[in-house]
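Notes for the structure review
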Amino acid sequence: MSHTIQDQRPARAPKSVAPSRLTRGGLPRWAPAGIAVVSIALGCGIGAAFGLQSKIQWGLISALLFVTITYVASAVVENRRQAKDRVATSVVWVCFVLAVIPLLSLIWTTVSRGMNALDGDFLSHSMNGITSFEKGGGVYHALLGTIEQVALATAIAAPVGLLTAVYLVEYGRGSLAKAVTFFVDVMTGIPSIVAGLFILTTWNLMLGFGPSGFAGSMALSILMMPVVVRSTEEMLKLVPNELREAALALGVPKWRMILKVVLPTAIGGIATGVTLAVARIAGETAPIMLLVFGTQLINGNPFEGAQSSLPLYIWEQYKVGSEASYDRAWAAALVLIAFVMILNLVARGIARWKAPKTGR
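Let us look at the structure shown here. (Residues numbered from 1 in each chain as written. Predicted model: local features only at pLDDT ≥ 70, side-chain atom pairs only at ≥ 80, totals over all residues. Heavy atoms only, no water.)

1. What to know about the environment of Ile350
So the rule is basically this: Strands are runs of DSSP state E lasting at least 2 residues, helices are runs of H or I lasting at least 4, and numbering of each runs from the N terminus. Between two residues, a contact is recorded if the distance between any of their heavy atoms is within 4.5 Å.
With respect to the helices and strands, Ile350 occurs in helix H14 (residues 323-353). Spatially, the C-alpha atom of Ile350 lies 6.9 Å from that of Ala271, the residues being 79 residues apart in sequence. In contact with Ile350, not counting residues within four places along its chain, are Gly268 and Ala271.

2. Comments concerning the side chain of Thr272
Keep this limit in mind: Exposure categories follow from relative accessible area, calculated using a 1.4 Å probe and restricted to protein chains: below 20% of the type maximum is buried, above 50% is exposed, and the middle band is partly exposed.
Along the chain, the position of Thr272 falls in helix H11 (residues 254-281). Residue class for Thr272 comes out buried when judged on its relative accessible area of 18%. Not counting chain neighbours up to four residues away, the residues in contact with Thr272 comprise Ala347 and Ala351.

3. Quick notes on the environment of Phe293
Position of Phe293 among the secondary structure elements: in the loop between helix H12 (286-291) and helix H13 (310-320). A sequence separation of twelve residues divides Phe293 from Gly305, and the C-alpha atoms of the two residues are 9.1 Å apart. The contact partners of Phe293, leaving out residues within four places of it in the chain, are Pro211, Ile288, Ala306, Gln307, Leu312 and Glu316.

4. What about the pattern of salt bridges?
Cut-off, in case you're wondering: We define a salt bridge as a side-chain nitrogen of Lys or Arg found within 4 Å of a carboxyl oxygen belonging to Asp or Glu.
Under the definition given, this model contains six salt bridges. Across the pair Glu78 and Arg86 runs a salt bridge, and its minimum N-O distance is 3.0 Å. Classification of Glu78 as buried rests on a relative accessible area of 6%. Of the charged contacts, one joins Arg230 and Glu233 as a salt bridge, the two residues approaching to 2.5 Å between their closest N and O atoms. Taken as a pair, Arg230 and Glu233 lie in helix H9 (residues 213-237) at a separation of three residues, close to a single helical turn. The exposure class assigned to Arg230 is partly exposed, which follows from its relative accessible area of 23%. With a relative accessible area of 6%, Glu233 lands in the buried category. Here the salt bridges do not stand alone but share partners, grouping Asp185, Arg230, Glu233 and Lys237 into one network.

5. Side note on empty space enclosed by the protein
Rules: Cavities and pockets were defined on a 1 Å grid built over protein atoms only: a cavity is a set of grid points that admits a 1.4 Å probe from which the probe cannot escape, a pocket is an open set flanked by protein on both sides within 12 Å along at least five of seven lines, and lining residues are those with an atom within 4 Å of any such point. Grid points are joined across faces, edges and corners, and a volume is the space filled by probe spheres set on the points. By the convention adopted, Pro, Cys, Tyr, Trp, Phe, Met, Ile, Leu, Val and Ala count as nonpolar, Lys, Arg, Asp and Glu as charged, and the other residues, Gly among them, as polar.
Scanning all chains against the criterion turns up one cavity of 30 Å³ or more. As for the largest cavity, its lining consists of Thr146, Gln149, Val150, Leu220, Ile281, Ala282, Glu284, Ile288, Ser309 and Pro311. The biggest single contributor to the lining of the largest cavity is helix H6 (residues 140-171), with three residues. In terms of residue class, the lining of the largest cavity is made up of six nonpolar, three polar and one charged.

6. Some points on the side chain of Ser212
Tracing the backbone shows Ser212 in the loop between helix H8 (192-206) and H9. Residue classification places Ser212 among the buried positions, given a relative accessible area of 4%. Ser212 has contacts with Leu291, Val292, Pro302, Phe303, Glu304 and Gly305, leaving out every residue within four places of it along the chain.

Structure representation (structure tokens):
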């Protein structure tokens, strides 16, 4: 009987469960953009109200407001855990914007100022017969010198750096490998003026050679070698050991395995590292000032006589101080940026072209 009475009792209504903090509503997708607009408006308003003249101060106030408003809005609508996540994301975006704005400002200033003098005549003429205060002249002699000096430096540094990296990865054991690694790390931080002084002391003063583009190339190769070694070493380490073991299991000598298996597999990354190293030395000025001297004439022989280069040309023109020389300096800076950009695009293209093809 008791079981029958219990079965006939009405069931209790379930208690209402409060929504969990982890399942509350979220901010809409347009919220970050909207908060950014509001923060910029408030930052500009606060900067104008307090009489702040620097736009950098306005930007910093806007960035601080963006992070603060993001945290408050997320904490109210969502939860504190999500708010902390959004704050971390906001800080990353703010740092990215702070890094990009100076770069965009530099590019905009260089392009706007450099286009005043950049034309076909500027790229195909030298400064021969043109005084520094006159308009006209060109950058052809400096561009030719930069191309020749960078090419010679690459011809010196690339093979040495490649073979050094192969030794460290494939053969390097013991104290000699540790010593080579240590000196490569030391060379990475050598100032360019030190490399120039070393070549000046040995090549020019001790051996008696005069200024030339080749002397500058030797100094640039010293700066380029550690970059090539480090980038090539990392690329060789990425080659799977299974490929090496398979080649050795077939009875292939180790040197042939390196030549036919390891290097072709890593050639894309190696080419990218060499190209980036070339872009790194293209803007060096101190070794060129010491060893190449500079000239206003076209000298196509890098082994004899003074030459010029784009960084040295920029410094020479900016030192004059006239309006025409300023325009030429900015135009040469634009040519140098375009030269480095082309090298980086070539490096990306080689890396994509030589990247290992993955199939299903």
